[in-house]
There are 2 protein chains.
Amino acid sequence: MTTDNHNKNAGDSILEKPISRRDILRLAGVGGAGLLLGASGVGAIFGAKGTTVSGAAKSSDKADRVEFFGKHQAGITTPAQDFLMFAAFDLTTGSVDEVRKLFKAWTEASAAMAKGDMIGENNENLNLPPSDTGEAAGLHPSRTTITFGVGPTFFDSRFGLSSKRPAALVDLPPFGGDELREEWSGGDIGVQVNANDMQIAFHAIRNLARIARGKAVLRWTQEGFQRTGGADPTGATPRNLMGFKDGTGNPDTKNDALMNDVVWAQSGDGTPWMAGGSYMVVRRIRIRVEVWDRSTLGDQEATFGRHRQSGAPIGSSNEFDPVDLSKKDEKGKPLIPVHSHVALARGDGSIKILRRSYSYSSGMDNRTGQFDAGLLFICYNRDARKQFIPMQQKLGQNDVLNEYIVHNGSAVFACFPGVREGGYIGDTLL
Amino acid sequence: MTTDNHNKNAGDSILEKPISRRDILRLAGVGGAGLLLGASGVGAIFGAKGTTVSGAAKSSDKADRVEFFGKHQAGITTPAQDFLMFAAFDLTTGSVDEVRKLFKAWTEASAAMAKGDMIGENNENLNLPPSDTGEAAGLHPSRTTITFGVGPTFFDSRFGLSSKRPAALVDLPPFGGDELREEWSGGDIGVQVNANDMQIAFHAIRNLARIARGKAVLRWTQEGFQRTGGADPTGATPRNLMGFKDGTGNPDTKNDALMNDVVWAQSGDGTPWMAGGSYMVVRRIRIRVEVWDRSTLGDQEATFGRHRQSGAPIGSSNEFDPVDLSKKDEKGKPLIPVHSHVALARGDGSIKILRRSYSYSSGMDNRTGQFDAGLLFICYNRDARKQFIPMQQKLGQNDVLNEYIVHNGSAVFACFPGVREGGYIGDTLL
């Protein structure tokens, strides 16, 4: 396969600067929808006519974009996007220097992807593999966030970082209902990518895996979705695959004091390099949908402790009505069953976590002919020892929901504080 | 788990009619976004204030809806939606009467889902399993289409229909590059669900599988995606996971004469019950993305015969420029390599098919640590013996793309003609 021919083509080598995804969008705005110009068109239009980027295209672009750099990593208190691509990586290098190089390269790529730009400089040179795999070219940033953390194994003997392991980064204890499988558990590094477009989310993990070549390999991945914004312009709480609203009880992410209490590790917490970061727990929860679908609506509602349609606590009418576990019916029985999911997860209300879960559908379980579908549960907390773990211990023992679900994957990651421009992920640790 | 308590709750049993997904949307429009009313609210608002459905909500609803009934099945020449959930089923009943019952029930459910309505009547009764699994409640119709076909095994000895098997419904011959696996091949029945929302697409297959209980079981499923409309408001041709535009060469679906020639089986074709139907070929094509990503842009473009960025044939500037295989460079070599994908697929231009493919990402291949990602290739043709098969035979033997892809799943289905209101899928056959 010779490539000599193409080098002569106008449009392949005129531009000095690589064209970005946003450039393509702007051109579409300037040149009319549907007309996507070749690279040569950039010079032609901008040069000859002096056209500048249209304000409209630019602002819709901005509204659609979440900044990668900041005090905290994006993708934690950021309002949830429609899609998830989660990946756990294992490091294959034994050199902390190589890890640092990897994290720097990932930072640069992630910042570009959050902007909707192509990664790297070699996207026009016919004689090199393109820096960017290209499937997200021309797409809006779509609120892409990329959130990085390191697991307990990152602090084993390989990198001399054992002493820096946060006390809060514990291995999760076994929980009732666990049927964990290696193929969906653990990882030296965890990366959560969210975007309002699945192709963009896939693109991000694929390109991060590619950049990691020789330093880290994929350990496991999981795609996830919610209803898209287009299907629900009201922005109502999304439903999980059991048909119930999921996330109603989340703490208010706009309340900074609450987030400092519930989500963000603090400088006084014993691990200074984690200040402003958060601990992510990931659980792959398969739903036995076939069994669930055979239970009555009454049983389903008693299982969750909420009404299916409205999302309201049993005995109330509105989704956001307070969960009052003391309410009784005329026979003196609690309206919200004591072993229902909401009753146990809520408890006395003192333990809070920030849920950021996505439904998944991963084909079929070929052994049983049943759907492999459920929830990739993701939550963030300041200290899993005081939040997720005690909550899950209670749920694992008593939650009537356990009849219908199986936890088959599990991982925990210390997610770094945010990166300042010029810095890189993990620079407070490395 | 007693359910007595809930029966007394206002809002659970007041309505005579089940609430539909669209009703919920209308209420959201009437009552304000974010306020989702319990079922009791319907009567309260509509009764007391005499409010009618707002025109705006209704029209956005309509624009978002593809009619299930019609001359042809929807989902074939319908402009492609953003998501796919494909499922193949095997019949477990041996009675053609039971098959007919299944197809009638599927028709009713599909027509409801295309409208964005809940399935069935039992979605409020606490003492029954809900008719609808509920995860799509409150969502727009999102252009849902559900397209049904039957495979060659449907015409074996079980149902006495062997004599009705269309001659055009052949078992596909082996092709070069095939590494087919049972787990992604075949099926008595094939169902293609498309929607602009993944949760809705999943919901549809799940509910069809549920309705089939005792009559048919899932054989295999595959989720798929394209970039979402929101990420690309220009509506440009989507890119596949190799970064190239996919579908540029599709015939014009608005040209009825062309569709009659390329897509729709005709009454004179030898199988009267298939007139107005079409033959669907499904191929699960895994892309060796890691290998592809190591090849140069020049090699990639020579492999497809198109420029990556613009989608234009090599040597041309615009995506829709004609593919002229006779163009030569100054040394007399063809500009578009003769074994490139576009050159072989196009040939002399006489063979056309209608492609309707979706990218997929199905986690990882645990044996290799590589992405299990690629394309669920779907095409429709009037007669695969004259269209898909000869085209794929040429591609299987010579396509340089084969270095980077593996066909690991395969199926073919005779998709029924459209259903008239009051009829049911397959009624021309059964």
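Everything discussed here concerns the structure shown above.
Numbers given to residues run from 1 along each chain, matching the order in which its sequence is written. Lettering of chains starts at A and numbering of ligands starts at 1, both following the order in which they are written. Only residues with pLDDT of at least 70 are given local features in this predicted model, and only at 80 or more are side-chain atom pairs given and counted; all residues enter the totals for whole chains, interfaces and linings. Note that the side-chain values use all heavy atoms of the structure and ignore hydrogens as well as water.

(A) Representation of the packing of helix α5 (residues 96–115) of chain A against helix α6 (residues 198–211) of chain A within the structure. Residue and element names in this part refer to chain A. One way to put it is that α5 packs onto α6 with a least axis distance of 10 Å and a crossing angle of 155°. It follows that α5 is roughly antiparallel to α6 by the angle criterion. For the element pair α5 and α6, the recorded crossing hand is right-handed. Side by side, α5 and α6 meet where Leu102, Ala105, Trp106, Ala109, Ser110 and Met113 of the first sit next to His203, Ala204, Leu208 and Ile211 of the second. Of the residues in the contact of α5 with α6, the class split is eight nonpolar, two polar and no charged. Axis definition: a line fit to C-alpha positions, over the contact stretch in the case of helices; interaxial angles, taken between N-to-C directions, run 0 to 180 degrees. Starting at the N terminus, helices and strands are each numbered in turn, a helix being any DSSP run of H or I of at least four residues and a strand any DSSP run of E of at least two. Roughly parallel here means an angle under 35 degrees, roughly antiparallel means over 145, roughly perpendicular means 65 to 115, and every remaining angle is called oblique. With the far helix as reference, a near helix turned anticlockwise by less than a right angle produces a left-handed crossing, and one turned clockwise produces a right-handed crossing. We call two residues contacting when some pair of their heavy atoms lies within 4.5 Å. Residues are grouped as follows: nonpolar covers Ala, Val, Leu, Ile, Met, Phe, Trp, Tyr, Cys and Pro; charged covers Asp, Glu, Lys and Arg; every other residue, Gly included, is treated as polar.

(B) Fine view of the packing of aromatic side chains. All names here are of chain A. Aromatic rings from Phe, Tyr and Trp, taking only the six-membered ring of Trp, are treated as a pair when their centres fall within 6.5 Å; an angle between ring planes under 30 degrees marks them as stacked, one over 60 as edge-to-face, and anything in between as tilted. Applying the stated criterion across every chain yields a total of 39 aromatic pairs over all chains. Their ring planes at 85° and their centres at 5.8 Å tell us that Phe175 and Phe388 sit as a pair that is edge-to-face. Of the two residues, Phe175 is situated in the loop between β2 (145–150) and β3 (189–195) and Phe388 in helix α11 (residues 388–398); the sequence distance between them amounts to 213 residues. For Phe175, a relative accessible area of 5% puts it in the buried group. By relative accessible area, which is 2% here, Phe388 ends up buried. We call a residue buried when its accessible area falls under 20% of the maximum for its residue type, exposed when it is over 50%, and partly exposed in between, using a 1.4 Å probe and counting protein chains only.

(C) Representation of the interface of chain A and chain B. Each side of the interface is counted separately: chain A has 105 residues, and chain B has 105 residues. Of the roughly 8100 Å² buried where chain A meets chain B, counting both sides, 55% is carbon and sulfur surface. For this document, the term salt bridge refers to a Lys or Arg side-chain nitrogen within 4 Å of an Asp or Glu carboxyl oxygen. The interface formed by chain A and chain B contains two salt bridges. Between A:Asp293 and B:Arg206 there is a salt bridge, and its shortest N-O distance comes to 2.9 Å. Here a polar contact is taken to be a pair of N or O atoms separated by no more than 3.5 Å, where protein atoms must pair a possible hydrogen donor with a possible acceptor and residues adjacent in sequence count only if both atoms sit in side chains. For the pair chain A and chain B, the number of links is 36 residue pairs in polar contact (both at pLDDT 80 or more). For the side of chain A that touches chain B, the elements supplying multiple residues, two or more each, are α1 (4–7), β1 (83–91), α6, β4 (216–225), α8 (289–292), α9 (297–304), β7 (358–365) and β8 (370–381) of chain A. The element best represented in the side of chain A that touches chain B is α6(A), accounting for eight residues. Among the residues forming the side of chain A that touches chain B, the class breakdown is 38 nonpolar, 40 polar and 27 charged. Throughout, the accessible surface (probe 1.4 Å) given up by two parts as they are put together, summed over both, is called the buried area.

(D) Summary view of the pairing of β1(A). All names here are of chain A. With nine of its nine residues buried, β1 lies for the most part within the structure. Neither face of β1 is open: one carries Phe83, Met85, Ala87, Phe89 and Leu91, the other Leu84, Phe86, Ala88 and Asp90, and all of them are buried. Pairing between strands requires that DSSP locate at least two bridges from one strand to the other. Judged from the nine bridges that link them, β1 and β4 form a sheet pairing that is antiparallel. What sits directly across from Phe89, in β4, is Leu218. Across seven bridges, β1 lies against β3 in antiparallel orientation. Among the inter-strand pairings, Phe86 is bridged to a residue of β3, identified as Gln192.

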